[in-house]
Amino acid sequence: MKAMILEAVGMPLRPVDRPDPVPGKGQLMLKAEACAVCRTDLHVCDGDLPNPKLPLVPGHEIVGIVEAVGEGIAASRLGQRVGVPWLGHTCGCCSFCRGGEENLCDEPQFTGYTRDGGFATHVVADADYAFVLDSAADPVALAPLLCAGLIGWRSLKKAGDGKKIGLYGFGAAAHIIAQICRWQGRDVYAFSRSGDEAAQRFALGLGAVWAGGSDERPPVMLDAAIIFAPVGELVPAALKAVRKGGRVVCGGIHMSDLPAMPYALIWGERSVVSVANLTRKDAEEFFPVALQAGVHTHTKTYRLADANAALDDLRAGRLSGAAVLIP
Ligand SMILES: [Zn+2]
Ligand SMILES: [Zn+2]
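Keep in mind it's a predicted model, so treat the numbers as computed, not measured.

Undergrad: Talk me through the environment of threonine 299; I want residue IDs and the actual numbers.
TA: Relative to the helices and strands, threonine 299 resides in strand β16 (residues 299–303). Among the residues examined, threonine 299 registers a relative accessible area of 32% and is labelled partly exposed. A sequence separation of 26 residues divides threonine 299 from leucine 325, and the C-alpha atoms of the two residues are 9.9 Å apart. Discounting chain neighbours no more than four positions away, the residues touching threonine 299 are Val140, Pro144, Ala322 and Val324.

Undergrad: I'd like to hear about unusual backbone geometry, residue by residue, with values.
TA: Backbone torsion omega between leucine 54 and proline 55 reads -10°, so that peptide bond is classified as cis. Assignment of secondary structure puts proline 55 in the loop between α1 (39–46) and β4 (62–69). Of note in the backbone geometry, asparagine 51 takes a positive phi value of approximately 50° without being a glycine. As for its position among the elements, asparagine 51 is in the loop between α1 and β4.

Undergrad: How would you sum up the domain arrangement of the protein? Please name residues and give values.
TA: Taken domain by domain, the protein consists of domain 1 (2–146 + 278–326) and domain 2 (149–274). With 31 residues of domain 1 at the contact, the number on the domain 2 side is 19 residues. With both chains or domains summed, domain 1 and domain 2 bury close to 2,200 Å², and 67% of this area falls on carbon and sulfur atoms. Considering only the side of domain 1, the residues that lose the most area to domain 2 are Asp282, Phe286 and Val289, jointly responsible for 20% of the buried surface there. For lysine 157, the salt bridge goes to aspartate 282, with nearest N and O atoms at 2.8 Å. Linking domain 1 with domain 2 are 8 residue pairs in polar contact (both at pLDDT 80 or more), by the criterion used here. Looking at the side of domain 1 that touches domain 2, the elements that each hand over two or more residues are α1 and α8 (280–292).

Undergrad: Let's hear about the pairing of strand β5 (residues 81–84): which residues, and what values?
TA: Because side chains alternate across β5, one face comprises the buried residues Arg81 and Gly83, and the other comprises Val82 and Val84, equally buried. Across 4 bridges, β4 lies against β5 in antiparallel orientation. Bridging across to β5, valine 63 finds its partner in glycine 83. Here 2 bridges tie β5 to strand β9 (residues 131–132), and the two strands are oriented antiparallel to one another. Residue pairing in the sheet places glycine 83 in a bridge with phenylalanine 131 of β9.

What counts as what
- Residues numbered from 1 in each chain as written.
- Chains lettered and ligands numbered in written order.
- Predicted model: local features only at pLDDT ≥ 70, side-chain atom pairs only at ≥ 80, totals over all residues.
- Heavy atoms only, no water.
- Helix = DSSP H or I, 4+ residues; strand = E, 2+ residues; numbered from the N terminus.
- Buried < 20%, exposed > 50% of the residue type's maximum accessible area, 1.4 Å probe, protein only.
- Contact = heavy atoms within 4.5 Å.
- Domains from an automatic or database assignment.
- Buried area = accessible area lost by both parts, 1.4 Å probe.
- Salt bridge = Lys/Arg side-chain N within 4 Å of Asp/Glu carboxyl O.
- Polar contact = N/O pair within 3.5 Å; in protein donor to acceptor, adjacent residues only side chain to side chain.
- Pairing = 2+ DSSP bridges.

Printed below as a string of structure tokens:
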């Protein structure tokens, strides 16, 4: 197999050849068709998240075809198209797993962080966390659904049922969730870096009713806001934009420090909540919704060997939509 590996945080990824991985008990081995690049990959590679497995194959938005099965997995899964997300394993026995909150598991493993991921031609994954995907769909279009879509969906559920939804940071997740909001009959207010007219045009093209800079106030008070950009200063900005009882959801795994702010910003039963990982139930709900809503992902493809260029483009904000590696 070929893979791009991280040997030390802060270093560029390096191409390597390795023996193909062998699936263990309860696992699958897949031949990767596509792997999208997530902002969390940047946080892993840059050392913002503690203690990654090293050396590491990053990547956790993997679409592939099952090529081998481990002990306990039916041979009927061979040839199936599956998607592998960030949450790659849960213990199944901690209080969170037993209580329906496996996203908060005490002993989790994360794809492309604490175990090898999809910046590679072949990947091993737990069969329980390899979701069956449409075999007729374009694997490149599916890949961003595995994290941007799933985490975006969980964030949207946390945001509640309000009609007016603000999205801060109009990247891969927001561009998917904006389409779902529109399909649900909600109004999207899109916030991006001040002066980023390309992002604002992109948001309006996807059906946002308003697009502006994150330092601007929307024309109406919002029912909820979701922050996808890893910028702590956006929390007080979003609190100012939501109505009484409104909610601000932080959808990212890493965010810069939140600034001190007056209590008045959360007065009126406004709340701030984070979203951690995903559950299998989120996936069961989300993939049919994405299909029904006709979600169209905007992607830019890169060869596996160009993974560093994809990470750089994401870091520099040069993408509309999602970067996808093709192994
Ligand atoms: Zn657990
Ligand atoms: Zn991700």
